[in-house]
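Chain by chain, the residues run as shown.
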Amino acid sequence: MTTVTAEEIVAADVRTTGGTGKPRIGGTSTYTAVLAEVKSAGLLQRRRGFYWALFSALLSATVGCGVVFVLLGDSWWQLLVAAALGVLFTQFAFLSHEAAHRQIFDSRVWNDRAGRYLGTFLVGLSYSWWMNKHTRHHGNPNTLGKDPDIDPDTIVFIPEDAARTTGVWRRLVRFQGWLFFPLLTLEGVNLHRHAVMSVLRGAQDRPDPRGRALEGVLLVLRFGLYFTAIFSLLPLGLALAFLGVQLAVFGVMMGASFAPNHKGMPTIAPDAKVDFFSRQVLTSRNIRGGWWVSFLMGGLNYQVEHHLFPSMPRPALKKARLLVREHCQKLGVPYTETSLSHSYALVVRYLNDVGLAARDPFACPLVSQLRIH
């Protein structure tokens, strides 16, 4: 969360460069200048060797899990295999995300093919549904009415939406910060549900009938093969436990990778005039921690740079960070980063603060503190 005073920033262990007051909004030339530096440094060049090596390692690990799964048979040690698969499916989802952003191949067609087969066949997600949603998010991050990632769901991210909740949902929202991580255990099921519904709805998310049919076939093959293997080799109780663990680990890892990047950062009014550079930087939060955090989050820990240069390959984001921070320092645009553990604490606190509006919409201070007009 971008805080309002320097004292709050220190207390929250959030390092924000470029000023702590109301940011000075830059212009088109701001982005043009930093983009020129990035291109000059070769940071937009494809890193196919990295991606082929990563894909090979992940595929080998998945095959290894399959071999161990068969050898273990009726054993509760299978739950470790389930957890490992949850991690691996998350990593394949990251690769699908990077292919969708044209980070892997020069060809748009090959990127789309890679993204669809990785995301839909291996992971069980709807590539077209995700592309539709994620494209809108990148164009207007944290912008009211334009960013689907802050639309109300089980969790609400805007005080006004919390104030409109009723019944059981209102009681849930009051404590949503504390419930956030337990609810993420269901996110894997939710993502698979969206995949199936996207195919069934058709025209709304996938206007191309052939593309819709392909996605439907890939999902049927994916779930058919996966469920057949689990329920044919394991007794019913163990099979259900296996699925539960795998889906819970997958859901937590997916949600825990995306949530720290924008939740609790400033929101933008739909009619606000904010240039591209400032819009992307002000609404994004980077996560410190080195290579292991980059692996766990699929490079999304460099969220500022990813939003400024969506087609930049994962290995180049670290170097781009230095260039972007320098520009933010010169322009007085806040550049925010924190540790992984503290980012989670900030997300929980932010969601609990939003939940105040479910009790009393006038008791929540976030509207004035975190809204860019």
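Our structure is the block above this text.
All values derive from a computational prediction rather than experimental measurement. Residue indices begin from 1 for each chain and proceed along its sequence in written order. Residue-level local features of this predicted model are given only where pLDDT is at least 70; pairs of side-chain atoms are given and counted only at 80 or more, and the full residue set underlies all totals for whole chains, interfaces and linings. Derived side-chain values reflect all non-hydrogen atoms in the structure, with water molecules and hydrogen atoms excluded from consideration.

Peer 1: Outline a nonpolar patch on the surface, listing residues and values.
Peer 2: Note that patches include only residues with greater than 30% relative accessible area and no salt bridge, and the join distances are 9 Å for like charges and 5 Å for nonpolar side chains (Val, Leu, Ile, Met, Phe, Trp, Tyr). Accessible areas in this description were obtained via Shrake-Rupley with a 1.4 Å probe; residue shielding takes into account the shown protein chains only. The term salt bridge refers to a pairing of a side-chain nitrogen on Lys or Arg with a carboxyl oxygen on Asp or Glu at a separation within 4 Å. On the surface, a cluster of nonpolar side chains totalling about 380 Å² of accessible area is made up of Leu59, Val63, Val67 and Leu71. Looking at the secondary structure, you find Leu71 in helix α3 (residues 48–72). A residue is classified by how much of its surface remains accessible, and Leu71, at 70% relative accessible area, is exposed. Strands are runs of DSSP state E lasting at least two residues, helices are runs of H or I lasting at least four, and both sets are numbered from the N terminus onward. Residue burial is assigned from relative accessible area. The probe radius is 1.4 Å, only protein chains are included, and a residue is buried under 20% of its type maximum, exposed over 50%, and partly exposed in between.

Peer 1: Before we move on, could you go through the packing of aromatic side chains and cite the residues and values that matter?
Peer 2: Ring pairs shown here join Phe, Tyr and Trp side chains whose ring centres sit within 6.5 Å, with only the six-membered ring taken for Trp; geometry is labelled stacked below 30 degrees between planes, edge-to-face above 60, and tilted in between. Under the definition given, this model contains 14 aromatic pairs. Considering the side-chain rings of Phe89 and Tyr226, the 5.9 Å spacing of their centres and the 80° angle between planes classify their relative orientation as edge-to-face. Of the two residues, Phe89 sits in helix α4 (residues 78–100) while Tyr226 sits in helix α11 (residues 209–233), which places them 137 residues apart along the sequence. Taken together, a centroid distance of 5.2 Å and an interplanar angle of 85° make the contact between Phe181 and Tyr344 edge-to-face. Linking Phe181 in helix α9 (residues 176–184) with Tyr344 in helix α17 (residues 340–355), this pair joins segments that are 163 residues apart in sequence. Our definition puts a charge over a ring when NZ of Lys or CZ of Arg is within 6 Å of the ring centre and also within 35 degrees of the ring normal. Here Arg222 stacks its cationic end above the ring of Phe89, 4.9 Å away from the centre of that ring.

Peer 1: Tell me about the environment of Phe180, residues and numbers included.
Peer 2: Counting through the fold element by element, Phe180 comes out in helix α9. By relative accessible area, Phe180 is classed as buried at 7%. Measuring from C-alpha to C-alpha, the distance between Phe180 and Val348 comes to 7.1 Å, with 168 residues separating the pair along the chain. Filtering out sequence-adjacent residues up to four positions away, Phe180 remains in contact with Ile155, Ala259, Val347 and Leu351. Residue contacts follow a heavy-atom distance rule, with two residues in contact if any of their heavy atoms lie within 4.5 Å.

Peer 1: Please give an account of unusual backbone geometry that cites residues and values.
Peer 2: Even without being glycine, Arg102 reaches a positive phi, approximately 65°. Take Arg102: it is sitting in the loop between α4 and α5 (108–123). Arg102 gets classed as partly exposed once you look at its relative accessible area, which sits at 23%. Phi is positive for Asn142, which is not a glycine, with a value near 55°. Locating Asn142 in the fold gives a position in the loop between α6 (127–139) and α7 (159–163). Judged by relative accessible area, Asn142 falls into the buried class, the value being 2%.

Peer 1: Mind laying out α3, listing which residues take part and the relevant values?
Peer 2: Spanning 25 residues, α3 covers 36 Å between terminal C-alpha atoms, matching the ideal 36 Å at 1.5 Å per step. Of the residues one or two after α3, Gly73 is the one with positive phi, at around 60°. Multiplying 1.5 Å by the helix residue count minus one yields the expected span of that helix.

Peer 1: Explain the pattern of salt bridges to me, and be specific about the residues and the numbers.
Peer 2: For the structure shown, the criterion picks out 10 salt bridges. Taking the shortest distance from any N to any O, the salt bridge between Asp149 and Lys133 comes out at 2.4 Å. Taken together, the residues Asp149 in the loop between α6 and α7 and Lys133 in helix α6 connect sequence positions 16 residues apart. Between Arg321 and Glu337 there is a salt bridge, with its nearest N and O atoms 3.0 Å apart.

Peer 1: How would you explain α17 if you had to name every residue and give the values?
Peer 2: Helix length check: α17 (16 residues) gives 23 Å between terminal C-alpha atoms against 22 Å at 1.5 Å per residue, within 8%. Listing the buried residues of α17 in full gives Leu340, Ser343, Leu346, Val347, Val348, Tyr350, Leu351, Asn352, Val354 and Gly355.

Peer 1: An account of the environment of Lys318 is needed here, citing residue identities and associated values.
Peer 2: Within the secondary structure, Lys318 is located in helix α16 (residues 317–331). Residue classification places Lys318 among the exposed positions, given a relative accessible area of 57%. In sequence terms Lys318 and Gly299 are 19 residues apart; their C-alpha atoms lie 8.9 Å from each other.

Peer 1: Run through the packing of α4 against helix α12 (residues 236–258), naming residues and quoting values.
Peer 2: At a closest axis distance of 8 Å, the pairing of α4 and α12 adopts a crossing angle of 35°. Handedness of the crossing formed by α4 with α12: right-handed. Only Leu238, Ala241, Phe242, Val245, Gln246, Val249, Phe250, Met253, Met254, Ser257 and Phe258 of α12 make contact with α4, whose side of the interface consists of Gln78, Leu79, Val81, Ala82, Ala83, Leu85, Gly86, Val87, Phe89, Thr90, Ala93 and Phe94. Nonpolar residues are Ala, Val, Leu, Ile, Met, Phe, Trp, Tyr, Cys and Pro. Charged residues are Asp, Glu, Lys and Arg, and all others, Gly as well, are polar. Of the residues contributing to the contact of α4 with α12, the split by class is 18 nonpolar, five polar and no charged. Under this scheme, a helix contributes an axis fitted over its contacting stretch, all axes are lines through C-alpha atoms, and angles between N-to-C directions fall in the 0 to 180 degree range. In this scheme the crossing of two helices becomes right-handed for a clockwise turn of the near helix relative to the far one and left-handed for an anticlockwise turn of less than a right angle.

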